[in-house]
Amino acid sequence: EAFNAAVAEAAGLNAFIVTTPDHALAAADAVDAKRAKGEDLGKMGGVPIGMKDLFATKGVQTTAASHILEGFDPQYESTVSQNLWDAGAGMLGKLNLDQFAMGSSNETSYFGNVNSPWRKAGSNAAMSPGGSSGGSSSAVAARIAPAATGTDTGGSIRQPAAFTGICGIKPTYGRCSRWGVVAFASSLDQAGPMARTVEDCAIMLEAMAGFDPKDATSLKMDVPAWEAGLSADLKGKRIGIPKEYRMDGTDEEILKSWEQGKEWLRDAGAEIVDVSLPHTKYALPAYYIVAPAEASSNLARYDGVRYGLRDLPDGAGLQDMYAATRAEGFGDEVKRRILIGTYVLSAGFYDAYYNQAQKVRTLVSRDFAEAFAQVDAILAPTTPTASFPLGSLNDDPLTMYLNDVFAVPASLAGLPAMSVPATVNSDGLPLGLQIVGKPFDEQGVLNAGLAIQ
Ligand code: GLN
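Residues numbered from 1 in each chain as written. Predicted model: local features only at pLDDT ≥ 70, side-chain atom pairs only at ≥ 80, totals over all residues.

Visitor: Can you help me understand the UniProt feature "active site" (unreviewed entry) in the protein in this one?
Guide: Residues given the UniProt feature "active site" (unreviewed entry) here are Lys52, Ser132 and Ser156. The annotated residues occupy 105 residues of the chain but converge on a single region, no pair of C-alpha atoms lying more than 11.2 Å apart. Along the chain, the position of Lys52 falls in strand 2 (residues 48-52). In this structure Lys52 comes out as buried when scored by C-beta crowding, with 31 C-beta atoms within 10 Å. Non-local contacts of Lys52, meaning those with residues more than four positions away in its chain, are made with Leu95, Leu97, Ser133, Gly135, Ser136, Ala148, Thr149, Gly150 and Thr151. Inspection of the secondary structure assignment puts Ser156 in the loop between strand 4 (147-152) and helix 5 (158-164). Setting aside residues up to four positions removed in sequence, Ser156 forms contacts with Ala101, Gly131, Ser132, Ser133, Gly150 and Thr151. (UniProt positions renumbered as here; feature names shortened; annotations may be inferred. Helix = DSSP H or I, 4+ residues; strand = E, 2+ residues; numbered from the N terminus. Buried ≥ 20, exposed ≤ 12 C-beta atoms within 10 Å, placed from the backbone. Contact = placed C-beta atoms within 7 Å.)

Spelled out as structure tokens, the structure:
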């Protein structure tokens, strides 16, 4: 009954692409059976979670919210989802997202916009849940799922978490296997949990993470006991405030919440230190070269032969089928990325764009390495603004891209980064704060998050 009520509510938010109640119920039954036998219930025994529809789930349609994958039922399970099932979790359904995880508002999905459960005070306009993990943020914020998986290539866990007043952590690149996750930009893509609390994120990340021989970039490291290590006592910790993040166009109220965040961390015993990340302003432009470049290569596999959609006009040859399938199957934003990516990788432009962007990426990483010689973690806003009404940025891709200006540097450097809810603004909309940590120091990130939460 509760499930059906939740599904009805979910239908209003359009958070789910498909629901899988039997999967969640089977996990609940398995927990009952284990309990009866006195067996260990598992880290997430019986917990019904939402699965971003970017993770391949065996026998359950996996679309990346794209027409081109409609009807694709994978023959295999992604490592991350399998890890979650092994920990006892069950799946409520596959969650909507921006098509191929490209977007910041969940408006590029072939399956329609996702609504946030939040409204501006005094307005009934449907608000964006953020993106690309907008189905995840919406379902968790609306209390339809206690937790959901997300993926973050350049902010897609953190920005939707900030927009909807929930927590989300992108671990160090390589912590969670990318095997079976529909690829966007492989050198940046990372899975992570989205949940109501820092504690829940710690539990779920422990279940998701771990070395996987099937992913060549998987970290060969044990998964620390993050939940057991949680502590909001930051005595002896130094937290850096990057001066370059005080950017024009950032909401006054967000700057104020950043100040408040410093106070909370001071109260928890931390010392607040100014740091400089001089190449910050080049990170976003570099991201919008590197990510589309990788996407244009990754998305070459959707050819009308191997997956989902095939458009084979009468009397058409192979090339015609490729062209027709891709023209029909990809949305506008995906095509924009493929065009940019193909351009920046083409002979003649490669050195001017792609190579330069890779150099910038190295400089951004070095900035962080230098800052982390002085501090244990960095505190910054997650986004420059609060959520916005659906439809309000559709004609303005550049402003849309700016949503991730604070999120992208940590992505380029592969660092663990988390958004935690800080406060609500004068419109009654949630604002998030971001903690960025040293490589492999998810614990430090979670603990600072706990002090803010
Ligand atoms: N909004 C960013 C983009 O569109 C980031 C997306 C993501 O992290 N998947 O590329």
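Visitor: What am I meant to see in the packing of helix 6 (residues 198-208) against helix 14 (residues 442-452) here?
Guide: Each pair of packed helices gets described by two things: the angle between the helix axes and the distance between those axes. Contact geometry of helix 6 with helix 14 gives a least axis separation of 9 Å together with a crossing angle of 160 degrees. Comparing the axis directions of helix 6 and helix 14 gives the class roughly antiparallel. In this structure, the crossing between helix 6 and helix 14 has a hand that is left-handed. Contact residues: helix 6 offers Val198, Cys201, Ala202 and Leu205, while helix 14 offers Glu442, Leu446, Gly449 and Leu450. (Axes fitted to C-alpha atoms, helices over the stretch in contact; angles between N-to-C directions. Parallel < 35°, antiparallel > 145°, perpendicular 65-115°, else oblique. Left-handed = near helix turned anticlockwise from the far one by under 90°.)

Visitor: When you look at the site of the ligand in this model, what are you seeing that I'm missing?
Guide: Around the ligand there are 13 residues in total, and Ala101, Ser104, Thr153, Gly154 and Ser156 lie nearest to it. Residue composition of the shell around the ligand, by class: 4 nonpolar, 7 polar and 2 charged. (Near = placed C-beta within 6 Å. Nonpolar A, V, L, I, M, F, W, Y, C, P; charged D, E, K, R; others polar.)

Visitor: When you look at the pairing of strand 4 in this model, what are you seeing that I'm missing?
Guide: Where a strand is regular, its side chains alternate between the two sheet faces. For strand 4, the tally of buried residues reaches 6 of 6 residues, placing the bulk of the element in the interior. Pairing geometry for strand 4 and strand 6 (residues 190-195), over 6 bridges, is antiparallel. Its bridge partner being in strand 6, Ala147 is matched across the sheet by Ala195. (Pairing = 2+ DSSP bridges.)

Visitor: Explain the packing of helix 7 (residues 252-267) against helix 14 to me, please; I cannot follow it from the model alone.
Guide: Contact geometry of helix 7 with helix 14 gives a least axis separation of 8 Å together with a crossing angle of 105 degrees. If you check the angle between helix 7 and helix 14, you find them roughly perpendicular. Contacts from Gly261, Trp264 and Leu265 of helix 7 reach helix 14 at Ala448, Ala451 and Ile452. The residue makeup of the contact of helix 7 with helix 14, split by class, is 5 nonpolar, 1 polar and no charged.

Visitor: What should I look at first to understand the pairing of strand 5 (residues 167-170) in this one?
Guide: Because side chains alternate across strand 5, one face comprises the buried residues Cys167 and Ile169, and the other comprises Gly168 and Lys170, equally buried. Where strand 5 lies against strand 6, 2 bridges are found, and the strand directions are antiparallel. Residue pairing in the sheet places Gly168 in a bridge with Met194 of strand 6. With 3 bridges joining them, strand 5 and strand 10 (residues 417-424) adopt antiparallel strand pairing. Of the residues in strand 10, the one forming a bridge with Gly168 is Ser419.

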